Amino acid sequence: MALWEQRLRNTCDKRPGWSVRANRGRVMVAVVQGENWQQKTLPKHLRWAEECEEEITEWLRALYRNWDNGAVTLAVAFDKTAKSSDKVGEQFTASWSEIKEAYRVRLMETGNKIQLKTWQSNYEVYIDAAIEVLKASRPADGPTLLRLTARRWADHYSARAVCVSTLKGFTEFAVKDTRFRAPASWLIDEFHAAPIRGQKPEKLETAALADEEILELIHAVEARWGEGWRNVLITLVGLGIRPFELTKIEARTNSDGVLQMFSTYRKAGGAKKTEPRWLEEVPLVVDGIRHDFNIAAQWNSWAWPQTRDGGRREVNAHYCEQYLRKVDFWNHLRLEYAEEGLRVVVYSTRNSWNVRARSLGLPDQVLTRAFGNTPATNVRSYRQTTDALTRKAFREALGR
């Protein structure tokens, strides 16, 4: 007997008179009380197979609870369990978990073929939340499901908007895919989606930090989290890369025979993807002293945040934000800039690089090639200067 089969049988063996077995590929549950013998076959989608073990176990536990030590018949307990399950429609022929898996396959293996990270962050987190709602609250239709699920992101417009679009697509898939044919009541139209999504708040401009602030932040991060996280921040600050690119950069020897940082990342979004590029380090200048980081020369031996097994951690914007939020000086900067209507986020390091590089007087095509975008995108999406630098430039130009 396979181990998973033994586990299922053990689930019932702990309950006197209960047993479970295979019956033509289905799952048969039996209860014996004295001379009274009852049995029931679980829904069709629950096959006697290892991949269904977890859901069968959940069903058996719920069935036993609803049986209430024999206070009701097995048939009554079955009906009560079925109504509280996460099945689609009255016949319960498919589970939302099955539909989720089929939807994942569709998105990842056909059409534009999204990546696993995109599935996990933009789809799975919201679908899993919806499945939890289905099990706990038993909503009768798509709009109700959306309303209950979106409550989790009531204070976060962007996440709530993604939740709306994801569940609209997911429930439409459940209804229109011929394998599932969920009732049309699960469709979510824009009439119901719009008020839940809400109006997009005015987006605050991302701040570009002054060199003095960045240098103090580097020291504060090292004091709080150590050399590894200090080097993460220096890499973002010195190279002006997107946080995601931390996993896409390496030290290479350029055509001049010099070690230089290189990004293999190709960002999609325009008519074509951006090209891999050589990165240029822009130093900080504080009180007339230039602070170079020499990232490429140290890259292969640099301290870096570690995984539990001692490996090099893959760091992204989410991780950076988590750790920075526990640095007092970072939170001080956030509050200070918020008073000016600006937000301080991890991307502020990229904005700051752009401002520093602009102050060098480099041609647009040169600067944006190293930055990884076009001149038009750069002007549209990134800070070109700061108020302090603007005042300084005018003072120097006018001699005052």
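Look a little higher up for the structure.
These numbers come from a predicted model, not from an experiment.

**Student:** Just to check I follow, could you spell out empty space enclosed by the protein for this structure?
**Tutor:** To locate leftover empty space, one rolls a probe as large as a water molecule over the atoms. Overall, the coordinates contain one cavity of 30 Å³ or more when judged by the stated rule. Counted as a void, the largest cavity has a volume near 80 Å³. In this structure, the largest cavity is lined by Val-221, Trp-225, Trp-229, Val-232, Leu-233, Leu-236, Cys-320, Tyr-323 and Leu-324. Breaking the lining of the largest cavity down by element, the ones donating at least two residues are helix H9 (211-225), helix H10 (227-239) and helix H12 (317-324). It is H10 that contributes the most residues to the lining of the largest cavity, four residues altogether. When its residues are assigned to classes, the lining of the largest cavity shows nine nonpolar, no polar and no charged.

**Student:** So what exactly am I meant to see when it comes to a nonpolar patch on the surface here?
**Tutor:** A contiguous nonpolar patch, built from Leu-360, Leu-362 and Val-366 and spanning about 270 Å² of accessible area, is present on the exposed surface. If you trace the backbone, Val-366 turns up in helix H15 (residues 364-371). By relative accessible area, Val-366 is classed as partly exposed at 48%.

**Student:** Explanation requested: helix H13 (residues 328-338) in the structure shown.
**Tutor:** Residues lying three or four places apart along an α-helix face the same way, a consequence of the helix completing one turn every 3.6 residues. Listing the buried residues of H13 in full gives Phe-329, Trp-330, Leu-333 and Tyr-337. One side of H13 holds all its buried residues, which, seen down the axis, span an arc of 105 degrees. The exposed set on the far side of H13, more than 90 degrees from its buried face, consists of Asp-328 and Leu-335.

**Student:** When you look at the sheet that holds strand S2 (residues 26-33) in this model, what are you seeing that I'm missing?
**Tutor:** In space, the three strands of this open sheet follow the order S1-S2-S3, with antiparallel pairing throughout. Both outer strands of the open sheet, strand S1 (18-23) and strand S3 (36-41), are each paired with one neighbouring strand and no more. In this sheet, adjacent strand axes meet at a mean angle of 25 degrees when their direction is disregarded. Sheet analysis places S2 next to S3, joined by six bridges and oriented antiparallel. Each bridged residue has a counterpart across the sheet, and for Gln-33 the counterpart in S3 is Asn-36. In this fold helix H2 (residues 53-67) packs onto S1 and S2, with an angle of close to 30 degrees to the strand it touches most, S2.

**Student:** What's the story with the pattern of salt bridges in this structure? I'm lost.
**Tutor:** Opposite charge on two side chains lets them pair, provided their charged atoms get close. Here the structure, examined in full by the defined rule, presents 19 salt bridges. Across the pair Asp-128 and Lys-100 runs a salt bridge whose closest N-O atoms are separated by 2.7 Å. Residue Asp-128 is located in helix H5 (residues 116-137), and its partner Lys-100 is located in helix H4 (residues 96-109); the two are separated by 28 residues in the primary sequence. Residue classification places Asp-128 among the partly exposed positions, given a relative accessible area of 28%. The salt bridge involving Glu-222 is made with Arg-230; its shortest N-O contact spans 3.6 Å. Several salt bridges share partner residues, and in doing so they unite Lys-100, Glu-124 and Asp-128 into one network.

**Student:** Explanation requested: the nonpolar core in the structure shown.
**Tutor:** Counting 41 residues, the largest nonpolar core has Leu-217, Val-232, Leu-246, Met-261, Ile-295, Trp-299 and Cys-320 as its most contacted members. Elements with a minimum of two residues in this core: H9, H10, strand S5 (249-253), strand S8 (284-286), helix H11 (295-298), H12 and H13. Once residues lying within four places of it in the same chain are set aside, the contact partners of Leu-217 are Leu-209, Leu-233, Val-327, Phe-329 and Trp-330. The next biggest cluster of nonpolar side chains, apart from the first, holds 34 residues, and it includes Ala-130, Val-133, Trp-186 and Ile-196.

Conventions we followed
- Numbers given for residues are sequential positions, taken from 1 along each chain in its written order.
- Side-chain atom pairs in this predicted model are given and counted only at pLDDT of 80 or more, local residue features only at pLDDT of at least 70, and totals for whole chains, interfaces and linings cover all residues.
- For the side-chain quantities, the full set of heavy atoms in the structure was used; hydrogens and water were omitted.
- Using only the protein atoms, space was sampled on a 1 Å grid; points where a 1.4 Å probe fits but cannot get out form cavities, open sets with protein on both sides within 12 Å along at least five of seven lines form pockets, and lining residues are those with an atom within 4 Å of a point.
- Grid points are joined across faces, edges and corners, and a volume is the space filled by probe spheres set on the points.
- Helix and strand definitions follow DSSP, with helices as H or I runs of at least four residues and strands as E runs of at least two, each counted in order from the N terminus.
- Gly falls in the polar group here, along with every residue not listed as nonpolar (Ala, Val, Leu, Ile, Met, Phe, Trp, Tyr, Cys, Pro) or charged (Asp, Glu, Lys, Arg).
- Patch definition: residues above 30% relative accessible area lacking any salt bridge, with like charges linked at up to 9 Å and the nonpolar side chains Val, Leu, Ile, Met, Phe, Trp and Tyr linked at up to 5 Å.
- Computed with the Shrake-Rupley method and a 1.4 Å probe, the accessible areas treat only the protein chains shown as cover for residues.
- Salt bridge, as used here, is a side-chain nitrogen of Lys or Arg placed within 4 Å of a carboxyl oxygen of Asp or Glu.
- Exposed residues in this analysis have more than 50% of their type's maximum accessible area, buried residues have under 20%, and partly exposed residues fall in between, with area computed by a 1.4 Å probe over protein chains only.
- This arc describes the spread of directions from the helix axis toward the C-beta atoms.
- In this scheme, strands are said to pair when DSSP sees at least two bridges between them.
- To get an axis, fit a line to the C-alpha atoms, keeping to the stretch in contact for a helix; angles then go from 0 to 180 degrees between the N-to-C directions.
- Between two residues, a contact is recorded if the distance between any of their heavy atoms is within 4.5 Å.
- Take the buried Ala, Val, Leu, Ile, Met, Phe, Trp, Tyr and Cys residues and link them wherever side-chain atoms come within 4.5 Å; each set so joined is a nonpolar core.

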